[in-house]
Amino acid sequence: MTGSPVFEFDNVSFSYGRQAELFKNMSFRIHRGESVAVLGANGSGKSTLLKIMCGLCHPQSGSFRAFGREITGADFEDDGFSKEYHARIGFLFQNTQVQMLTTRVWDEIAYGPLQLPLSSSEVKGRVEDILTFLDIGHLRDRSPHRLSGGEQKKVALASVLVLNPQVLIFDEPTNGLDPRTQSWLVNVLLKLNKQGRTLVIATHNLELAHTLCPRSLLLSEQHQILFDGPSDQILNDYDMLREANLIDDFSHTHHNQTHTHRYTHQ
Ligand SMILES: Nc1ncnc2c1ncn2[C@@H]1O[C@H](COP(=O)(O)OP(=O)(O)OP(=O)(O)O)[C@@H](O)[C@H]1O
Ligand SMILES: [Mg+2]
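Residues numbered from 1 in each chain as written. Chains lettered and ligands numbered in written order. Predicted model: local features only at pLDDT ≥ 70, side-chain atom pairs only at ≥ 80, totals over all residues. Heavy atoms only, no water.

(A) Structural view of the overall build of the chain. Within the chain, the secondary structure is distributed over 9 helices and 12 strands. The C-alpha radius of gyration of the chain comes to 20 Å, within 12% of the 18 Å expected for a compact globule of 266 residues. Expressed along its principal axes, the backbone C-alpha trace of the chain runs to roughly 70 × 45 × 40 Å. Classification of the 266 residues of the chain by burial places 48% in the buried group. (Helix = DSSP H or I, 4+ residues; strand = E, 2+ residues; numbered from the N terminus. Rg over C-alpha atoms; globule rule 2.2 N^0.38 Å. Buried < 20%, exposed > 50% of the residue type's maximum accessible area, 1.4 Å probe, protein only.)

(B) View of the layout of surface pockets. Within this model, the largest pocket holds a volume of roughly 700 Å³. Considering the residues around the largest pocket, the lining is formed by 24 residues, among which His86, Leu101, Tyr111, Gly112 and Leu163 are closest to the centre. Going through the elements one at a time, helix H2 (79-88), strand S6 (89-92), helix H3 (105-114) and helix H5 (149-161) are the ones with two or more residues in the lining of the largest pocket. Looking at the lining of the largest pocket element by element, the count peaks at 5 residues for H3. When its residues are assigned to classes, the lining of the largest pocket shows 15 nonpolar, 7 polar and 2 charged. Of the volumes computed, that of the second largest pocket is approximately 230 Å³. (1 Å grid on protein atoms, 1.4 Å probe; cavity = no way out; pocket = protein on both sides within 12 Å on 5 of 7 lines; lining within 4 Å. Points joined across faces, edges and corners; volume = space filled by probe spheres on them. Nonpolar A, V, L, I, M, F, W, Y, C, P; charged D, E, K, R; others polar.)

(C) The arrangement of the pattern of salt bridges in detail. Tallied over the full model, the rule gives 14 salt bridges. With a shortest N-O distance of 3.6 Å, arginine 65 and glutamate 8 are connected by a salt bridge. Placement of the pair is arginine 65 in strand S4 (residues 61-66) and glutamate 8 in strand S1 (residues 5-14), with a sequence separation of 57 residues. The exposure class of glutamate 8 is buried, given its relative accessible area of 10%. A salt bridge links aspartate 10 to arginine 29; its shortest N-O distance comes to 3.6 Å. Placement of aspartate 10 in strand S1 and of arginine 29 in strand S2 (residues 23-31) is noted, with a sequence separation of 19 residues between them. On the accessibility criterion, arginine 29 (33% relative accessible area) is partly exposed. (Salt bridge = Lys/Arg side-chain N within 4 Å of Asp/Glu carboxyl O.)

(D) Representation of the coordination of the magnesium ion (ligand 2) in the model. Coordination of the magnesium ion (ligand 2) by the protein is provided by Ser47 (OG) and Gln94 (OE1), with metal-donor distances spanning 2.1 to 2.2 Å. Placement of serine 47 in helix H1 (residues 46-53) and of glutamine 94 in the loop between S6 and H3 is noted, with a sequence separation of 47 residues between them. The buried category is assigned to serine 47, whose relative accessible area is 17%. (Donors = N, O, S within 2.8 Å, 3.2 Å for Na, K, Ca; no water.)

(E) Fine view of the environment of asparagine 236. Positionally, asparagine 236 belongs in the loop between helix H8 (231-234) and helix H9 (238-243). A polar side-chain atom of asparagine 236 sits 2.8 Å from the main-chain carbonyl oxygen of aspartate 232. (Polar contact = N/O pair within 3.5 Å; in protein donor to acceptor, adjacent residues only side chain to side chain.)

(F) Molecular detail of the side chain of threonine 48. Note on placement: threonine 48 falls in helix H1. In contact with threonine 48, other than residues within four places in its own chain, are Phe14, Tyr16, Leu22 and Phe23. (Contact = heavy atoms within 4.5 Å.)

(G) Looking closely at the pairing of strand S10 (residues 225-230). Across 5 bridges, the pairing between strand S9 (residues 215-219) and S10 is antiparallel. Opposite leucine 218, over in S10, you have phenylalanine 227 as the bridge partner. With antiparallel pairing between neighbouring strands as the criterion, S9 and S10 make up a hairpin whose turn holds 5 residues, including histidine 223 at a positive phi of roughly 70°. (Pairing = 2+ DSSP bridges.)

Shown next as structure tokens:
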């Protein structure tokens, strides 16, 4: 299921400050309604790629387009543009702690909707609905900074989902969640994708990529696109997964027999 392009990278090069170039001439497109996994070892550039999509990092050369228009750092100096862009794109950070802006869970979730032209009763309704949906009503008066990692992730998720954005960009969404919450989240994301939302998910979790994303984009440790295509194909290509440092085979001998264990990067 694909529609018009949501993100278009054409020969994008990016480096952090004066550091060596991280991405060099990177090109790919993501279309409306797609669900794409961004895979790669630690430091391969997954989070950075997502930050470019979210308008938090800006390429030094090449063209980055979102929703059909060229996006530059200067665009975000316009408050109206910035608000509109961030209402269309929901971003869940890898480290959700940095995402917390207030000192109370209820205010945290209401923060985004309060920036929209909604009445206070509409904002209240949305926040209450999402608290119930995520089963976190009991956390409403707590400080987001004093929650467990998993609870904090749920609050960050609530702050994104409450805005009902067209595009969801999630960085390692299942890390630190218990199994029930992980399957709950996968089901929510599958449903949102079925409704036409575009998903971009950075993950080490090959199982998650397989369940949720028909397409995978695999970054090498040299920050190049090693593979862009069907998840079914890449997840069965052990040579390429090994090359990208997403699986590793460890052999050891005991009782005169050699065993091989496969480690996946999760
Ligand atoms: N703010 C920053 N300033 C300078 N270098 C950075 C910054 N953020 C990331 N990097 C570097 O850029 C490279 C890519 O980092 P990135 O966080 O995108 O990787 P990643 O694939 O998300 O890794 P992980 O699996 O550990 O989350 C790394 O070498 C990292 O050290
Ligand atoms: Mg990362």
